[in-house]
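# Notes for the structure review
Listed below, chain by chain, are the residues.
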Amino acid sequence: MRRLTLTLTLFTFAGLALACGGDNPVEQDTWNVEGDADTDADSDSDTDADSDSDSDADSDADSDADSDADSDADADPEYSSLKGSARFVENEKSTKAHDLSKPYECVRNYEAYHNAVVTPCSGCEFAFDMSWDLASGGVNSGSDLCDAYSSDLRFYYGYNADYSGYSVSMYSADGSNWQALWLADFDGTNFSWDGSVENTYQYGYYYSQGFTGTAVVK
């Protein structure tokens, strides 16, 4: 099994590499003690012993504790598995458009499955260390490029629902330096991608080639 390094540009995305104050609450009354010092023979012994001690203390203890525990957990699903199939088709460049009634010169079928969950893909809903194992039913009737895809492949693959406005699959050769790869779709379970082109004309030649695939993600 070898690592897949994609050298084929199957779709070009424009603009893509494709968040207590200082006041004392206790009132201190100044005690007024009347001491009558009149030396008159009047033996008035009225002693005003006003013992009014105003101890108005604010005993209202504010026990309003905020018990609102934020239990808002991220409800986004976590995906841990992917299993499906992929296909590569190709016709060598030609001055004539591919007759769709005729078979491709190259067909490669793969069984696609995850090896491990990968987390560093920024913005991805999921990402996996992937294996594509070569399956039966292939065709190679003269396409040089077909030889490059005639063995098991392994790479990193993910999905981003909003990559600069596009819903795309994401690719990395080694788990870093992720880039948008192909247009893709995901409904929460079913994952599909399409990196194929049919009879694309460029520099005097027609090209028909690319990867497609479907998988179930759980």
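Quick look at the structure, then. Note on numbering: residues in each chain are counted from 1, in written sequence order. Given that this is a predicted model, residues contribute local features only at a pLDDT of at least 70 and side-chain atom pairs are listed and counted only at 80 or more, while totals for whole chains, interfaces and linings are drawn from all residues. Computation of side-chain values: all heavy atoms of the structure, hydrogens and water removed.

Moving on to the overall build of the protein chain. Going along the chain from the N terminus, every DSSP run of H or I of four or more residues is numbered as a helix, and every run of E of two or more is numbered as a strand. Secondary structure assignment for the protein chain yields 0 helices and 11 strands. Reading the protein chain from its N terminus to its C terminus gives the helix and strand order β-β-β-β-β-β-β-β-β-β-β. Relative accessible area decides the class of each residue, using a 1.4 Å probe on protein chains only: under 20% of the type maximum gives buried, over 50% gives exposed, and in between gives partly exposed. Taking all 218 residues of the protein chain together, the buried fraction comes to 30%. About 14200 Å² of surface is accessible on the protein chain, with carbon and sulfur atoms providing 44% of the total. For accessible areas, the Shrake-Rupley method is used with a probe of radius 1.4 Å. Any residue's cover is judged against the shown protein chains and nothing else.

Salt bridge, as used here: a side-chain nitrogen of Lys or Arg that lies within 4 Å of a carboxyl oxygen of Asp or Glu. Across all of its chains, the model carries 1 salt bridge by this definition. Notably, a salt bridge pairs Arg 154 with Asp 129, separated by 2.8 Å at the nearest N-O pair. Here Asp 129 lies in strand S4 (residues 126-134) and Arg 154 lies in strand S6 (residues 153-163), a separation of 25 residues in the sequence. Residue classification places Asp 129 among the buried residues on the basis of a relative accessible area of 7%.

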